[in-house]
Amino acid sequence: MSSPKYDCLCAGIIVADHVCKAIDHIPRPGELVLTDEMELTIGGCASNVAADLARLDRQVAIAGIVGQDVFGRYVEESLIQSGVHCDYLMKSDQLPTSGSFVINVQGEDRRFIHSVAANSLFTGETVTEEQIQSCRILYLGGYCLSEELSPENVETMFRIAQAAGVITVLDVVTPKPNDYWKMLKPVLPYSDYFLPNNDEGALITGESDPLRQARAFKEAGAKTVIITCGGEGSILMDDRGTIRSAVYPVNLVDGTGSGDAFVAGFIHGLLEGASPEECLTFGSALGHSCVRATGATAGIFTRSELNQFIGSHELQVKSI
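Residues numbered from 1 in each chain as written. Predicted model: local features only at pLDDT ≥ 70, side-chain atom pairs only at ≥ 80, totals over all residues. Heavy atoms only, no water.

Student: Mind showing me how you'd approach the overall build of the chain here?
Tutor: For the chain, the helix and strand inventory stands at 10 helices and 14 strands. For a compact globule of 320 residues, the expected C-alpha radius of gyration is about 20 Å, and the chain comes in at 18 Å, within 12% of that figure. In the chain, the proportion of contacts linking residues at least 24 apart, taken out of those at least 6 apart, comes to 71%. Accessible surface computed for the chain: about 14100 Å², of which carbon and sulfur atoms make up 48%. Distance between charge centres in the chain, computed from 23 positive and 41 negative side chains, equals 4 Å. (Helix = DSSP H or I, 4+ residues; strand = E, 2+ residues; numbered from the N terminus. Rg over C-alpha atoms; globule rule 2.2 N^0.38 Å. Contact = heavy atoms within 4.5 Å. Areas by Shrake-Rupley, 256 points an atom, 1.4 Å probe, with all protein chains shown as cover. Lys, Arg positive; Asp, Glu negative; His and termini not counted. Charge placed at Lys NZ, Arg CZ, Asp CG, Glu CD.)

Student: What's the story with the side chain of Asp 171 in this structure? I'm lost.
Tutor: Relative to the helices and strands, Asp 171 resides in strand β9 (residues 167-172). Of the side chains bearing the opposite charge, Arg 110 lies closest to the buried Asp 171, which forms no salt bridge; the N-O distance is 10 Å. (Buried < 20%, exposed > 50% of the residue type's maximum accessible area, 1.4 Å probe, protein only. Salt bridge = Lys/Arg side-chain N within 4 Å of Asp/Glu carboxyl O.)

Student: Even after reading the chapter, I still don't get the packing of helix α1 (residues 45-55) against helix α8 (residues 258-271), so can you show me in this structure?
Tutor: In a packed pair of helices, the relevant descriptors are the angle between the two axes and the axis-to-axis distance. With their axes 9 Å apart at the nearest point, α1 and α8 run at an angle of 50° to one another. As far as their axial angle goes, α8 and α1 are oblique. Of the two possible hands of crossing, α1 and α8 adopt the one that is right-handed. On α8, the residues that touch Cys 45, Asn 48, Val 49, Asp 52 and Leu 53 of α1 are Asp 260, Ala 261, Val 263, Ala 264, Ile 267 and His 268. (Axes fitted to C-alpha atoms, helices over the stretch in contact; angles between N-to-C directions. Parallel < 35°, antiparallel > 145°, perpendicular 65-115°, else oblique. Left-handed = near helix turned anticlockwise from the far one by under 90°.)

Student: What should I look at first to understand the packing of aromatic side chains in this one?
Tutor: Under the defined criterion, the tally for this structure stands at seven aromatic pairs. Aromatic pair Phe 262 and Phe 266: ring centres 6.4 Å apart, planes at 20°, arrangement stacked. With Phe 262 and Phe 266 both in helix α8 and four residues apart, the pair spans about one turn of that helix. You'll find Phe 262 and Phe 266 in the same group, each marked buried. Clustering of aromatic rings is evident, with ring pairs tying together Trp 181, Phe 194 and Phe 217. (Phe/Tyr/Trp six-rings, centres within 6.5 Å; stacked < 30°, edge-to-face > 60°.)

Student: Just checking my understanding: could you explain the environment of Lys 182 for this structure?
Tutor: Mapped onto the fold, Lys 182 is located in helix α5 (residues 181-184). Counting along the chain gives 147 residues from Lys 182 to Thr 35, while the straight-line C-alpha distance between them is 42 Å.

Student: Teacher, can you tell me more about unusual backbone geometry here?
Tutor: Trans peptide bonds make up the majority, and among non-glycine residues the majority have a negative phi. Unlike most non-glycine residues, Ala 117 shows phi in positive territory, near 45°. Within the chain, Cys 144 stands out as a residue other than glycine whose phi angle is a positive 85°.

And the structure:
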């Protein structure tokens, strides 16, 4: 059997982000507030993780849908320029490319206004067995955002992956209160790694404690659960126990894409054959690099920058 063509196949949501540099307050009705810059950037879990991994010299392909519009063309051109293989990227003439307004306010977490648009057409059924077998890791990002990407279809994708010896990595987007368990319970037993943040974990489980969240996801079948907790670091729970990592201090410019950067760094660690502690370190370092610049992918370390940063900055990772 030939070796996989790609290190990672990133499937899921693809978005054109409209991002403003930090403003000092949210405009009142009828008020105009100035920002130093407004940028169009690629966004969405699949796009961000793919671009970040390509920045680390990984062979990456993307599977998802954009519209046949100016934003779809921009996203595709940007991904290709980043080094992402777009052979599996589909275009729809039914719906426009998904978009987000990302509003940054000084001293506050970012706000999002989102249109699902063409992402609602991504059911997962177009991700073929051949595509899955072409990669070492199958990453699915943005699960639960659209009900068209059904548990049955994701379970099928992950079953195919596991039968082929492909590592499965699952990430979610939970926009509003909902019964997400009905989408997750069929899929988690086939998820080698599940990476929600603690806000998503709280919305899904009803538990505020990330340790309780991780335990609930483990009991539902996920082999390894990683809960990212923003400035509080992250925790990883697997069959051997639980570890917690701190964060690298940073001068925050824009938090957009930091969770996706963490995922990309973690996947990079898996591809390196790194230990769970080292994977958390890779994830934390790449997440750190992301928030130094406006946009989801602009500040991401190269592979040499990542190694140099980790070599010269210590991160506390310990068992709990």
